Amino acid sequence: MIADPSHLNHADDPSDHAERRAALAREIGASGIAVIAATPERNRNNDVDYPYRPNSDFRYLTGFGEPCAIAVIAPGREDGEYVLFCRERDPAAETWIGHRAGTEGAMARFGADQAFPIEEFDARIGDMLSTRKYLYMTQGIHPEFEQRLLARLNDLRSRGRHAAPPEHIISLNSVVHEMRLRKSPTELALMRQAASTSAAGHCAAMRAAEPGVYEYQLEATLHYIYGLDGMHWAYPTIVGAGANACVLHYVENASALADGDLVLIDSGAEYRGYAGDITRTFPANGRFTDTQREVYDIVLAANEAAIAACRAGAKANAPHQAALETLVDGLLELGFVTGDRESVIADERYKTFFMHGTSHWLGMDVHDVGAYKQDGEWRALEPGMVLTIEPGLYIPPGADGADPRYWGIGIRVEDDIVITDGAPEIMTSAVPKAPAAIEALMSENA
Ligand code: GLY
Ligand code: MN
Ligand code: MN
């Protein structure tokens, strides 16, 4: 059991955030200033909001988990380079809505050099901007706030020759996203924890599966395990039995498992802001059929080939290329496509059965940030980068080119990989993917 739950937004270690702000300050220099706001709460219905989760860039830099907060990082500023605007303490509001750090807590617990009530932002930001040449601000992350900040910049311009507003506006996104792409040892430890609980959830769901059980009951099994460890799901869980597995983002999870179905589960827990992302596919009744194995073994081989390609120095698309070649060879053997590997890849005929990529960066966002290409070229993988490996084959009923005995099979096998100086680290190996290991686990009663 984890003692430090992710839903307590104050659980982050403040020194990690201080290091990140210091790195950002070095990057933007003494003539720069960075301003970033927490995204607003979202309404679910009438008086009910969704549980609050700030935008990942804001959490990455501040560790502050409350809405209505704005961080300013102004390197070399005399009164302190980290200023946090936040909601002030308010006993009446806290009785109804929950605890607030207040400006005092922002300084004492979250490392702010200065903190002001959020209502003072508009009045104070002009002076902070006025001595800086470069304004780093988010783009498209909190549009309403971004417009407001630009309006304050215009106010400053209208002060005429007595003010010196920043001449250049630079996207903060790409600077912070490049930082987030390389995970620190602390971040990797959190991600291993997310991966471990995600794997435990998948194992529990496999043990709970049998014909007649509903997809949403397996979802509940996963989420129960996440909840026991103080975690929340990182994205809505997909449980697709039979042909539902061929719908890539199927989240209704409303059908019963039928004898003879394969079940695809794509689910991950979020631990202190970091996501796990695992997919496994297994037989509802605990035994793969020969037909299912024909397809499963191809996807598993593609997963393993792609993981083997996760090497420092390799291009970021090398895992996809390895998976694609294995999948296409398999499709040729099954007779779903004809011709040779090169032509099937060149004219993308495989896309009838494999229509998504093999990898995405993984981190605070499940589809994490960071450029895949630099100057139009695939970037090289580096130690500390984390990515998923998730090849799949999907053969919906009626699929052209596939013998009807394969119809309704959808398979994806997804792992979370850390690039190291040597062999790739598979953070999600605690949940089985070899058919015999899956069958052995499923024979253990839930
Ligand atoms: N769970 C989302 C994805 O695998 O990309
Ligand atoms: Mn994924
Ligand atoms: Mn996934």
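These numbers were taken from a predicted model, which means no experiment stands behind them. (Residues numbered from 1 in each chain as written. Chains lettered and ligands numbered in written order. Predicted model: local features only at pLDDT ≥ 70, side-chain atom pairs only at ≥ 80, totals over all residues. Heavy atoms only, no water.)

## Re the packing of helix α1 (residues 14-28) against helix α7 (residues 172-181)
Right, so step 1: Axis separation between α1 and α7 bottoms out at 11 Å; the angle between their running directions is 130 degrees. Viewed along their axes, α1 and α7 adopt a mutual orientation that is oblique. Here the hand of the crossing between α1 and α7 comes out right-handed. Listed contacts from α7 to R20, A23, L24 and E27 of α1 are L172, V175, V176 and M179.
Right, so step 2: A breakdown of the residues in the contact of α1 with α7 according to their chemical character gives six nonpolar, no polar and two charged. (Axes fitted to C-alpha atoms, helices over the stretch in contact; angles between N-to-C directions. Helix = DSSP H or I, 4+ residues; strand = E, 2+ residues; numbered from the N terminus. Parallel < 35°, antiparallel > 145°, perpendicular 65-115°, else oblique. Left-handed = near helix turned anticlockwise from the far one by under 90°. Contact = heavy atoms within 4.5 Å. Nonpolar A, V, L, I, M, F, W, Y, C, P; charged D, E, K, R; others polar.)

## Section: unusual backbone geometry
Right, so step 1: One non-glycine residue, N253, lies in positive phi territory at about 50 degrees.
Right, so step 2: N253 sits in the buried class, given a relative accessible area of 0%. (Buried < 20%, exposed > 50% of the residue type's maximum accessible area, 1.4 Å probe, protein only.)

## Quick look at the coordination of the manganese ion (ligand 3)
Right, so step 1: Looking at the manganese ion (ligand 3), the protein donor atoms are D266 (OD), D266 (OD), D277 (OD) and E414 (OE), and they sit 2.0 to 2.5 Å from it.
Right, so step 2: Considering all six donor atoms around the manganese ion (ligand 3), angles at the metal cover 56 to 170 degrees and the coordination shape is irregular.
Right, so step 3: As a motif over one chain, the donors of the manganese ion (ligand 3) read D-x10-D-x136-E.
Right, so step 4: The distance between the manganese ion (ligand 3) and the manganese ion (ligand 2) is 3.2 Å, with D277 acting as a donor to both metals. Pair noted here: D266 is in strand β11 (residues 262-267) and E414 is in the loop between β19 (409-412) and β20 (415-418), with a separation of 148 residues, a long-range link. Take D266 and E414: they sit in the same class, and that class is buried. (Donors = N, O, S within 2.8 Å, 3.2 Å for Na, K, Ca; no water. Tetrahedral: all angles 85-135°; square planar, octahedral: opposite > 155°, others 65-115°.)

## Quick look at the nonpolar core
Right, so step 1: Counting 107 residues, the largest nonpolar core has L24, L218, V263, F282, F353, L393 and I395 as the members making the most contacts within it.
Right, so step 2: Residues in contact with L218, not counting those within four places in the same chain, are A205, A208, A209, V213, V239, L257, V263, I265 and F282.
Right, so step 3: If you look at the next biggest cluster of nonpolar residues, it comprises 21 residues, including I33, V72, F121 and M128. (Core = buried A, V, L, I, M, F, W, Y, C linked by side-chain atoms within 4.5 Å.)

## Describing the pattern of salt bridges
Right, so step 1: Under the criterion given, the structure shown has 30 salt bridges.
Right, so step 2: Counted as one network, the salt bridges with shared partners bring together D57, R180, K183, D365 and D368. (Salt bridge = Lys/Arg side-chain N within 4 Å of Asp/Glu carboxyl O.)

## Overview of the sheet that holds strand β9 (residues 232-233)
Right, so step 1: What the three strands build is an open sheet, ordered β9-β12-β13; its pairing is antiparallel. Each edge of the open sheet carries a strand with a single partner, namely β9 and β13 (274-275).
Right, so step 2: Across two bridges, the pairing between strand β12 (residues 269-271) and β13 is antiparallel. Its bridge partner being in β13, E270 is matched across the sheet by A275. (Pairing = 2+ DSSP bridges.)

## A look at the site of ligand 1
Right, so step 1: Neighbouring residues of ligand 1: Y235, D266, D277, H360, H367, E390 and E414.
Right, so step 2: Between ligand 1 and the protein, one listed contact pairs an oxygen atom with a side-chain N or O atom of H367 at 2.6 Å.
Right, so step 3: Here E390 contributes a side-chain N or O atom positioned 3.0 Å from an oxygen atom of ligand 1.
Right, so step 4: With the chains in place, 90% of the 200 Å² that ligand 1 exposes on its own is no longer accessible.
Right, so step 5: Tallied by class, residues from the shell around ligand 1 come to one nonpolar, two polar and four charged. (Near = heavy atom within 4 Å. Polar contact = N/O pair within 3.5 Å; in protein donor to acceptor, adjacent residues only side chain to side chain. Areas by Shrake-Rupley, 256 points an atom, 1.4 Å probe, with all protein chains shown as cover.)

## Overview of the coordination of the manganese ion (ligand 2)
Right, so step 1: For the manganese ion (ligand 2), the protein coordination sphere consists of D277 (OD), H360 (NE2), E390 (OE) and E414 (OE), at 2.0 to 2.2 Å.
Right, so step 2: Given six donor atoms and angles of 49 to 152 degrees at the metal, the environment of the manganese ion (ligand 2) is assigned as irregular.
Right, so step 3: Expressed as a motif, the donor residue spacing for the manganese ion (ligand 2) is D-x82-H-x29-E-x23-E.

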